[in-house]
Amino acid sequence: MSSLLRARHLSVPLKLRRLNTIGRPFATLAEEGQYAPGTKLHGYTVKDIKKIPEFEMLAVHLQHDKTNAEHLHIAKDDKNNVFSIAFKTNPPDASGVPHILEHTTLCGSEKYQVRDPFFKMLNRSLANFMNAMTASDYTFYPFATTNQIDYSNLRDVYLDATLHPLLRKTDFTQEGWRLEHEDPKDPSTHLTFKGVVYNEMKGQMSDSSYLYYIKFQESIYPSLNNSGGDPAKITDLTYEQLRNFHAVNYHPSNAKVFTYGNFSLEEHLKHLNERFSAFAPIHNNKDVKYPIELKESKEVVLKGPVDLLTDPNRQYKTSLTWYLGPTNDSYLGLCLRILTSLLTDGHSSLLYQALIESDLGTEYSSNSGLSSGSPVNIFSVGLQGVSESNVSVVHDTIHDKIRQAYNEGFEISRVEAFLHQAELYRKNKVANFGLNLLYGIVPGWFNQVAPLDILEWDSLISRFREDLKKPRFLESILEKYFLGKPTFAFTMIPSEDYGQNLLADEEARLNAKINSLTEADKKNVYETGLELLQKQEEKEDLSSLPTLRDKDIPLETDRTELEHNLQSDVPVQWRITPTNGLTYVRGLISLQDLPQNLHPYLPLFAEALTNLGTETESMASLEDQIKKSTGGISAGIQVNSLPSDIESWNLGLTMSGFSLNKDVSELLRLLSVLLLQTNFHNYEKLRTLIRGMSSGAANVIAESGHIYALGVASSSVTASAHLSETLSGMEQVKFIAQLDAYDDASLPLISQKLAEIASYAFTRSVLKLAVTCGTEVVQSNEIAISNFINGLPNPVLERTLGAKNGAELTAFTSKVADKTFYNLPFQVNYAGVCSRGVAYDHKDGAALQVLANLLTNKYLHSEIREKGGAYGGGASYNATSGIFSFYSYRDPNPRNTFATIDGVGEWAVQHNITDRDLVESKLSIFQGIDAPTSVQSEGMIYFLQGIDDDARQVRRQQLLNVGISDVKDAASKYLVATAHQRNTALLGVPDESVSESNGWRIAEAGVFGSTVDQTGVQIPFEG
């Protein structure tokens, strides 16, 4: 459960976007005085303190006296407390040593000498977040929980894991890489490379957007090697190098600790001092790496893979990069974020219009945006989906538009809109506020940025507003950092044999390793494989690990008080609660009677509402209005079955937005404009939208391939799952790719389909609303809601809107033992296996949910990940859809996975399940059920799915009451008896077992990658 981090771009700027306030009382002035600079506390000295009233919190920066470990504590009245310990980990090469060390530290420690205590703590805790993450030059280990005992337990495990790991060689070979026989028990089988990180990074490199990003980073930042690891270099890493890297970098002198929430700072410090004081101080690793010098413009061109799901004539990716001054100047950082957002963000920005709307490319390149995670602000802008002839045109256009922005200046109204958006994000209550703070602070903290400076807000905004009064203030920044300054151009060109070359290189590396082995070495490889297998199969004593008990699970569900009334005959759900001055509105529009040939167009329709504009106003103008008055408006598609019947299906369109209380009428006016006036005949915008939706589909699949595999596998189980696959799975990917493949003559017909959907969607009879706001604005919001509803047309004909059954979805055919394979240009595989469960209110549902969790943590994790080498694998049960699923993620050996799944029911029936196993499964389940929610999400389970608090309480009691016999009965009934009925899907690399003769259906992934002649093809799903 680790992650690789990379910069986030082209969204609300990090330092603004991340700092979302909860809006509760914060630390008192007495506490502020208590922590004055120079104060000594439990072996620490306070370095600085800052009261931050705009976020209602108090930040205290301390240093450990003996080791110089830094500590940042943010006191806030928020029960969702966060802990993180982080280390500076500049990678010495591209072998992935920081990433592999991140994995192996979590495989056992001096105090907790069990295999993989991190994963085992996932079901001994009520934490709503646990992870470990490797960034480019640091590694950190965060968690979040509301339970104080849980917090202490996890903090102890994390500290022992990072500071005192066992780092056994078997852990290195399991998590990093090893030579091993395909069947470890049979020395006659071929030797191959195995390892969790090795396969993770093979999968990561299959994502061409990630590949472009990481190759860009390697080119502009050669001093900072690939921390995740290049598979071609991972197999050079030795066990001794891993241990040495830990000894040098994982030390309190090189650590930065972050704590957040309403738990006591002094308790944190007391515990940490006890741990850190056992260490002698060492030289702190403050080696900050810099990108290449740009005294003159430079260009790098590299080869990359061909994307089979997009136009073969538009496979180039290219970008330009500027250096924009030091990141330790927080005010400069704010100015640059505003400036670069004005240049790139949204329909009204010059670069979006000139690069994407002009069809020079399909969407921004993966490195686009302002990155402030290094000592230098780095701004890149580029495109993917570019033709060879347009690469130089893209570069010229970027330069021209930046010059145009300098000459013409920026509209103040757009700047104010940006500041308004930032203010709304600051006021918006989110459940993971502390984690967002952590993510925003850590990168700069390791690169010479004072952590308290990152938390500045009001003073920086006030300064900016004053500077904005100066003539051409923003333009002067453009002149200083952009005009006439050297750039770094990075282009990736498509290579038809890129994938084959990677495989050939891997085979050559493997053969070189094998050929260098002596007979003694070969014997050692075999014995090492058996030793690892023996370790993986050993029954462990877990008594040393701390744990919560079932009594720590609250017996009662948190109830959400809702009110319901009719406004102009439209049902409205009200959630009246403190919202920090914001109102949230969500609409659900039933599309039950929509002609089924229009279903595949619904995702495009939802996107069109916020991308096409109207006949009288451009989308650029509308977007500016939305930014000035709201926190954004979005649309989506909702599919679900009834809580009492998994054979049923409901289909709807959701629309949502939020604003300051004073702007609710304007929010609803804009919502009405989008609903009633969108110009579906704006063919130029429609073409841009389709191309953007199609672009990068292979990368999305590479990132979440198991989700797509499960979508395919479940699509023959229930009608609602089939509809979900049509709207968001591989079928939708193929559908949008097919629309993209057609020429512009098809656009009027596509437009006609969207307009037909609109005729069904936008009448008041199919609408219901949910409003979340404070008591002080209920009356004014009722008036605004009534005015909004009264502006919607009345239906001409009676509509049939009730839930429908599977037989009424004509495209759905229930199948069993169906097997589907998609050949995709990946180095690893993604597998999904699905079968039918029961409805939400069925008594067996709770046992199935516990069974899925138990199978993952007690069997499948070991078999699929530890032994099989996949990055992830397990079972899941969706309580609302009634689908029981098995999956693997970045899997080099899907045959092993399928064989494991085949026997999983028998394992559950025959295995000695203990009471402790049940408790751990329940703890893991309730982590999700009881995780803190954002205020705008309160009441949404009932609004969208019809599951009220009483039903949730019944389900809760059922989960708490599940016994061992219930789990075994569920396994026997739903896994063993129906094993032959499961549906299977595999995405990735074919082998000899995947063939039509073995019962597999070989499906085409996309029109561009197929051999089908597109000449004269009609619009799909017609009639």
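Throughout what follows, the structure given in this document is the object of discussion. The residue count restarts for each chain, going from 1 along the sequence in the order it is written. With pLDDT at 70 or above as the cut-off, local features in this predicted model cover only qualifying residues; side-chain atom pairs require 80 or more to be listed or tallied, and sums for whole chains, interfaces and linings still use all residues. Only hydrogens and water are set aside; all other atoms, that is, all heavy atoms of the structure, feed into the side-chain values.

On to the pattern of salt bridges. Note on definitions: salt bridges are taken to be side-chain nitrogens of Lys or Arg within 4 Å of carboxyl oxygens of Asp or Glu. All chains considered together, the criterion is met by 52 salt bridges. Residue Glu-938 pairs with Arg-575 through a salt bridge whose shortest N-O separation is 2.8 Å. Pair noted here: Glu-938 is in the loop between helix H35 (915-929) and helix H36 (940-945) and Arg-575 is in strand S20 (residues 570-576), with a separation of 363 residues, a long-range link. Accessibility assignment for this pair places Glu-938 and Arg-575 in one class, buried. Two residues, Asp-740 and Arg-687, come together in a salt bridge whose shortest N-O distance is 3.7 Å. Taken together, the residues span a long stretch of sequence, with Asp-740 in helix H29 (residues 730-741) and Arg-687 in helix H25 (residues 683-694) at a distance of 53 residues. Helix and strand labels come from DSSP, where a helix needs a run of H or I of at least four residues and a strand needs a run of E of at least two; each type is numbered from the N terminus. Exposed residues in this analysis have more than 50% of their type's maximum accessible area, buried residues have under 20%, and partly exposed residues fall in between, with area computed by a 1.4 Å probe over protein chains only.

Burial within strand S12 (residues 255-261) is extensive, with 7 of its 7 residues counted as buried. With 6 bridges connecting them, strand S5 (residues 70-75) and S12 associate as parallel partners. Directly across from Leu-72, in S12, lies its bridge partner Phe-258. Note: strand S6 (residues 81-88) against S12, 6 bridges, orientation antiparallel. Here, strands pair whenever DSSP counts at least two bridges between them.

Here the focus is the nonpolar core. As used here, the term nonpolar core means buried Ala, Val, Leu, Ile, Met, Phe, Trp, Tyr and Cys residues forming a set that is joined through side-chain atoms within 4.5 Å. Phe-83, Ile-85, Met-130 and Phe-276 are the most contacted members of the largest nonpolar core, which totals 80 residues. Take this core: its biggest share by element is 7 residues, from helix H5 (residues 148-163). Core analysis: the next-biggest nonpolar cluster, separate from the first, contains 77 residues, Val-82, Ile-338, Val-391 and Tyr-439 among them.

Take H35 next. Because the α-helix completes a turn every 3.6 residues, residues three or four places apart line up on one side. To estimate how far a helix should extend, the number of its residues minus one is multiplied by 1.5 Å. In a regular helix each residue adds 1.5 Å, so 15 residues correspond to 21 Å; H35 covers 21 Å between its end C-alpha atoms and thus fits that length. Where burial is concerned, most of H35 is hidden: 11 out of the 15 residues are buried. Note on contacts: a residue pair is in contact if any heavy atoms of the two residues lie within 4.5 Å. Residues of H35 that are buried sit in contact with helix H32 (845-867), helix H37 (949-961) and helix H38 (964-976).

The geometry of H25 relative to helix H30 (residues 747-761) is characterised by a closest axis approach of 10 Å and an angle of 85 degrees between their N-to-C directions. Regarding the angle of H25 to H30, the classification is roughly perpendicular. Along its contact with H25, which presents Tyr-683, Leu-686, Arg-687 and Ile-690, the element H30 presents Leu-747, Pro-748, Ile-750, Ser-751 and Leu-754. Side-chain classes are defined by residue name, with Ala, Val, Leu, Ile, Met, Phe, Trp, Tyr, Cys and Pro counting as nonpolar, Asp, Glu, Lys and Arg as charged, and the others, Gly among them, as polar. Partitioning the contact of H25 with H30 into residue classes produces 7 nonpolar, 1 polar and 1 charged. Every axis in this analysis is a line fitted to C-alpha atoms, fitted for helices over the stretch in contact. Angles between the N-to-C directions lie between 0 and 180 degrees. An angle below 35 degrees is treated as roughly parallel, one above 145 as roughly antiparallel, one from 65 to 115 as roughly perpendicular, and anything else as oblique.

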